[in-house]
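Analysis of the macromolecular model
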Amino acid sequence: MTIKEKGYSHWEGELAEKKLPWWPITRFGIRSTFRKKFFKFFFFGALLPAVVFLVGIYISERLEDFRFMIRNQTNFLTVDPGYFKSYFTGDFLLFMMVAILVFCGSGLISDDLKHNSLQLYFSRPLKKGQYFLGKASVIFFFLFLVTLVPGLVFFIMKLIFAGNFKFFASYPWLPLSIIGYSVLVTLFFALYTLFLSSLSKNRRYVSILIFAVYIFSDIIFGIFYGIFRSPYFALISLKVNLQQIGAFIFNQKLPYSIPWIYSFLIIFSISLLAAVYLKNKVKEVTIIK
Amino acid sequence: MSIEVNDLHFSYGKVKALSGVGLDLEEQAIGLLGPNGAGKSTLLRILLGFLSPDEGEGKVLGYDIKEQQSLIRRHVGYMPEDDCFIPGMDAVTFTSYFGELSGMPRQEAMKRAHEVLYYVGLEEGRYRLLETYSVGMKQRLKLAQTLVHDPKLLFLDEPTSSLDPQGRKEILELIKDISSKKDIQVLISSHILPDIEAVCSHVVILNKGQIAAQGEISKLKELKYRLYEMKVKGEAQSFLEKLKKMGCRIEATEDMILKVYMRPNKNPQEIFRLASEERIQIRHFVKSQSTLEDLFAKAVGVD
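Keep in mind it's a predicted model, so treat the numbers as computed, not measured. (Residues numbered from 1 in each chain as written. Chains lettered and ligands numbered in written order. Predicted model: local features only at pLDDT ≥ 70, side-chain atom pairs only at ≥ 80, totals over all residues. Heavy atoms only, no water.)

1. A closer look at the overall build of chain B
When helices and strands are tallied, chain B shows eleven helices and 14 strands. Taking as baseline every contact in chain B between residues at least 6 positions apart, the subset at least 24 positions apart corresponds to 68%. By element, 47% of the accessible surface of chain B is carried by carbon and sulfur atoms, the whole surface being about 13400 Å². The averaged location of the 44 negative side-chain charges in chain B is 5 Å from the averaged location of its 41 positive side-chain charges. (Helix = DSSP H or I, 4+ residues; strand = E, 2+ residues; numbered from the N terminus. Contact = heavy atoms within 4.5 Å. Areas by Shrake-Rupley, 256 points an atom, 1.4 Å probe, with all protein chains shown as cover. Lys, Arg positive; Asp, Glu negative; His and termini not counted. Charge placed at Lys NZ, Arg CZ, Asp CG, Glu CD.)

2. A closer look at the layout of surface pockets
Residues and elements named next belong to chain A. One number sums up the size of the largest pocket: a volume of about 390 Å³. Contributing elements (two or more residues each) for the lining of the largest pocket: helix H1 (23-34), helix H5 (91-105) and helix H6 (107-114). Per element, the largest residue contribution to the lining of the largest pocket is five residues, and it comes from H1. Grouping the amino acids of the lining of the largest pocket by side-chain chemistry returns ten nonpolar, five polar and seven charged. (1 Å grid on protein atoms, 1.4 Å probe; cavity = no way out; pocket = protein on both sides within 12 Å on 5 of 7 lines; lining within 4 Å. Points joined across faces, edges and corners; volume = space filled by probe spheres on them. Nonpolar A, V, L, I, M, F, W, Y, C, P; charged D, E, K, R; others polar.)

3. Focus: the sheet that holds strand S4 (residues 55-60) of chain B
Either a parallel or an antiparallel arrangement is found when strands of a sheet pair, and the pairing is made through backbone hydrogen bonds. Residues and elements named next belong to chain B. Strand order in this open sheet of four strands is S2-S1-S4-S5, and the pairing throughout is antiparallel. Two strands lie at the open edges of the sheet, namely strand S2 (15-25) and strand S5 (63-64), each paired on one side alone. Of the strand pairs in this sheet, strand S1 (residues 3-12) and S2 are connected by eight bridges, and their pairing is antiparallel. Note that in S2 the partner of Ile-3 across the bridge is Leu-25. Its contacts with the sheet place helix H1 (residues 40-47) against S1, S2 and S4, and it is angled at close to 120° to S1. (Pairing = 2+ DSSP bridges. Axes fitted to C-alpha atoms, helices over the stretch in contact; angles between N-to-C directions.)

4. Quick word on the pairing of strand S11 (residues 226-233) of chain B
Judged from the five bridges that link them, S11 of chain B and strand S13 (residues 258-262) of chain B form a sheet pairing that is antiparallel. By the bridge assignment, Arg-226 of chain B is partnered in S13 of chain B with Met-262 of chain B.

5. So, helix H5 (residues 135-147) of chain B
A rise of 1.5 Å per residue sets the reference length of H5 of chain B, with its 13 residues, at 18 Å; its end C-alpha atoms lie 19 Å apart and thus fit the reference within 8%. In terms of burial, H5 of chain B is a largely internal element, eleven of the 13 residues being buried. Taken together, the buried positions of H5 of chain B are occupied by Met-137, Lys-138, Gln-139, Arg-140, Leu-141, Lys-142, Leu-143, Ala-144, Gln-145, Thr-146 and Leu-147 of chain B. Of the surrounding secondary structure, the elements contacted by the buried residues of H5 of chain B are helix H7 (118-122) of chain A together with strand S6 (76-79), helix H3 (91-101), helix H4 (106-119), strand S7 (153-157) and helix H6 (165-181) of chain B. (Expected span 1.5 Å × (residues − 1). Buried < 20%, exposed > 50% of the residue type's maximum accessible area, 1.4 Å probe, protein only.)

6. Regarding the environment of Tyr-181 of chain A
All names here are of chain A. Relative to the assigned elements, Tyr-181 resides in helix H11 (residues 174-197). Each C-alpha atom of the pair Tyr-181 and Ile-249 lies 6.8 Å from the other, and the pair is 68 residues apart in sequence. Every residue in contact with Tyr-181, bar those within four places of it in the chain, is listed here: Phe-88, Thr-89, Leu-94, Leu-242, Gly-246, Ile-249 and Phe-250.

7. Observations concerning the packing of aromatic side chains
The final tally for this structure, using the stated rule, is 54 aromatic pairs over all chains. On the basis of an interplanar angle of 85° and a centroid distance of 5.6 Å, the ring pair of Tyr-225 of chain A and Tyr-256 of chain A is categorised as edge-to-face. Here the residue Tyr-225 of chain A occupies a position in helix H12 (residues 203-228), and Tyr-256 of chain A occupies one in the loop between helix H13 (238-249) and helix H14 (260-281), the gap between them amounting to 31 residues. The buried category is assigned to Tyr-256 of chain A, whose relative accessible area is 19%. Summarising the aromatic geometry, the rings of Phe-94 of chain B and Phe-98 of chain B are spaced 5.1 Å apart at their centres and angled 70° between planes, so their arrangement reads as edge-to-face. Taken together, the residues span about one helical turn, with Phe-94 of chain B and Phe-98 of chain B both in helix H3 at a distance of four residues. (Phe/Tyr/Trp six-rings, centres within 6.5 Å; stacked < 30°, edge-to-face > 60°.)

8. A word on empty space enclosed by the protein
The gaps of empty space that remain are located by a probe, the size of a water molecule, rolled over the atoms. In the structure shown here, the tally under the stated rule is two cavities of 30 Å³ or more. Of the voids in this model, the largest cavity is the one considered here, and its volume is about 50 Å³. Lining the largest cavity are Ala-16, Lys-18, Pro-21 and Pro-125 of chain A together with Arg-74, Glu-100, Leu-101, Ser-102 and Gly-103 of chain B. Taken together, the residues of the lining of the largest cavity break down into four nonpolar, two polar and three charged. Reported here for the second largest cavity is a volume of approximately 40 Å³. Taken together, Glu-17, Pro-21, Pro-125, Lys-127 and Gln-130 of chain A together with Ser-70 and Arg-74 of chain B make up the full set of residues lining the second largest cavity. Broken down by class, the residue content of the lining of the second largest cavity amounts to two nonpolar, two polar and three charged.

9. Notes on the nonpolar core
A general trend in soluble globular proteins is that nonpolar side chains are found buried together. Counting residues in hydrophobic clusters, the biggest one holds 155 residues, and the most contacted among them are Phe-84 and Phe-189 of chain A together with Leu-147 and Phe-155 of chain B. Broken down by element, the residue count for this core peaks at eleven residues, all from H11 of chain A. For this core, the two domains that each supply at least three residues are domain 1 (3-220) and domain 2 (225-299) of chain B. Sequence-distant contacts of Phe-155 of chain B, defined by excluding residues within four places in its chain, comprise Ile-3, Leu-44, Leu-47, Leu-48, Val-76, Gly-77, Tyr-78, Met-79 and Leu-187 of chain B. Counting residues in hydrophobic clusters, the runner-up holds 16 residues, among them Tyr-228, Leu-240, Ile-271 and Leu-274 of chain B. (Core = buried A, V, L, I, M, F, W, Y, C linked by side-chain atoms within 4.5 Å. Domains from an automatic or database assignment.)

10. A few points about the interface of chain A and chain B
Much of the literature gives interface size as the accessible area that the parts lose upon coming together. Facing 38 residues of chain A, the contacting portion of chain B comprises 55 residues. Around 4700 Å² of area is buried between chain A and chain B when both sides are counted, 57% of it from carbon and sulfur atoms. Our enumeration of links across chain A and chain B arrives at two salt bridges. Note that Lys-18 of chain A is salt-bridged to Glu-100 of chain B, the shortest N-O span being 3.9 Å. Taken together, the links from chain A to chain B amount to 22 residue pairs in polar contact (both at pLDDT 80 or more). Taken together, the elements giving at least two residues each to the side of chain A that touches chain B come down to H1 and H7 of chain A. For the side of chain A that touches chain B, the element with the highest residue contribution is H1 of chain A, accounting for five residues. Among the residues forming the side of chain A that touches chain B, the class breakdown is 18 nonpolar, eight polar and twelve charged. (Buried area = accessible area lost by both parts, 1.4 Å probe. Salt bridge = Lys/Arg side-chain N within 4 Å of Asp/Glu carboxyl O. Polar contact = N/O pair within 3.5 Å; in protein donor to acceptor, adjacent residues only side chain to side chain.)

11. Description of the domain arrangement of chain B
Residue and element names in this part refer to chain B. Here chain B is described as being made up of domain 1 (3-220) and domain 2 (225-299). Between domain 1 and domain 2, the residue contacts involve 13 residues of the former and seven residues of the latter. Roughly 800 Å² is buried in total at the junction of domain 1 and domain 2, and carbon and sulfur atoms are behind 81% of that figure. The largest contributions to the domain 1 side of the interface with domain 2 come from Leu-193, Glu-197 and Ile-205, which together make up 50% of the buried area.

12. Focus: the sheet that holds strand S8 (residues 185-189) of chain B
Residue and element names in this part refer to chain B. As summarised here, the arrangement of the six strands in space is S6-S7-S8-S3-S9-S10, forming an open sheet in which the pairing is mixed. Lying at the two open borders of the sheet, with one neighbouring strand each, are S6 and strand S10 (210-216). Taking the axes of each pair of neighbouring strands and ignoring which way they run, one obtains an average angle of 15° across the sheet. Note that strand S9 (residues 202-207) and S10 share six bridges and pair antiparallel.

Right under this line is the structure:
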């Protein structure tokens, strides 16, 4: 190898602090997720409920045109906060969100641990919080696309199809509920995924963990609930806890007769533990061994 | 001054890692040496702003090590010892990515990435996925990401570890070029002393958290002692004892060569006089160049 004299010259520009120093991390995370095999299939699968519910909103405003299709089942097409709750807390959507997490989140930290990339990140003017924000924003991006964005689109389309603001006047708090639940579920899943991703250097194990913890918590709840018939076992299930909180936020009847605050405390505690663990697991100073 | 620290003290709990370290470095290439546990990593951590010293103060490139850590990391380049990369990236994306994280605009970072990859000799493989890179290529890539934002000072941690002789030669050639022709200062922490000797003009030797020696390598070697190599025939025990009494340090190599470290104020003819007294034949006698290894051993007290 010979040294290429022409290849190196000093850079004339000035290094500056950016407003979003973590954005390159997020941009790369989003791009690399889209490049993954089968991701697009799962991602568009996760958008299917949104399409179905959007069509439902359209039909609800054109009931006369579609009476031959829906016959007497008009209740199904009553667009109210319950309709939104059904979308946000549906089993299928939650499952697809977990599938998205496997694609976009499993390697976020585990790959950096495996390939010692933390040393490269923290030798830059990047703080630990900014690093985590960059990683978590990848999850925010994908989950907001299947929660917050469709939710707000439903609301706006309902107003457009109706041609008046009656719906908004009836439920002025609904946009806040949409934003609140979307942020809560996304924040929880982001911390949940980053925590699991930091447990192993092998992204396959992390993928299994992301699915297993979600599915098994629900299976265990099902078994105990089947035996003891106590609704308190619902607190074991991540899915049911999110559904309980969702029902509360959208002002609907709770699926299980236990206070919603218990579910909130469970979700909050898991998120807090994950955040504390991440803070202690990733240390900037260890980049120099 | 690029690195200026005074009376640095740092402890990990009860374990004292640095004790009264003071440095004033402005040379182009400096070697940082020391046995394991000497405090090299702690010093680097403090210089990069990851640890704040218990006592003492200092500046790196004019930025305070206690207050302006982020600015220090923006303007220096750090090349870690470990093999590190990001899977799924090619070299251009990887290099420009870290340029952006250092504060460069995206387009500029991309342009610079091509330039530095060309400079380190990775122009042909720059669009290949990093997972397919050899150890030597990864090492050059690490150097490229260190250079992308055009730092004024580089910290290189074991830059030639795990390289074959050819790869090692190439990296050293690059480092030498960077420090001598590109107006970039380099601080190399390494255990491979010939590498330091090949690249650096100055050296800092740490031992037990303190500076054991620092300065220009050639002067350090000259001032402390002169080195002679000899082969003798006969019962040398008493001869060697007398040499030691005279203040010489003796080292026997595996091929039966005796290395005699003599103070500069002593006359080498004394060796012959003593040999004559003890009826010892000196069959080989040359004035040898003392190596950095000799200096290191002396500084850290290893005989």
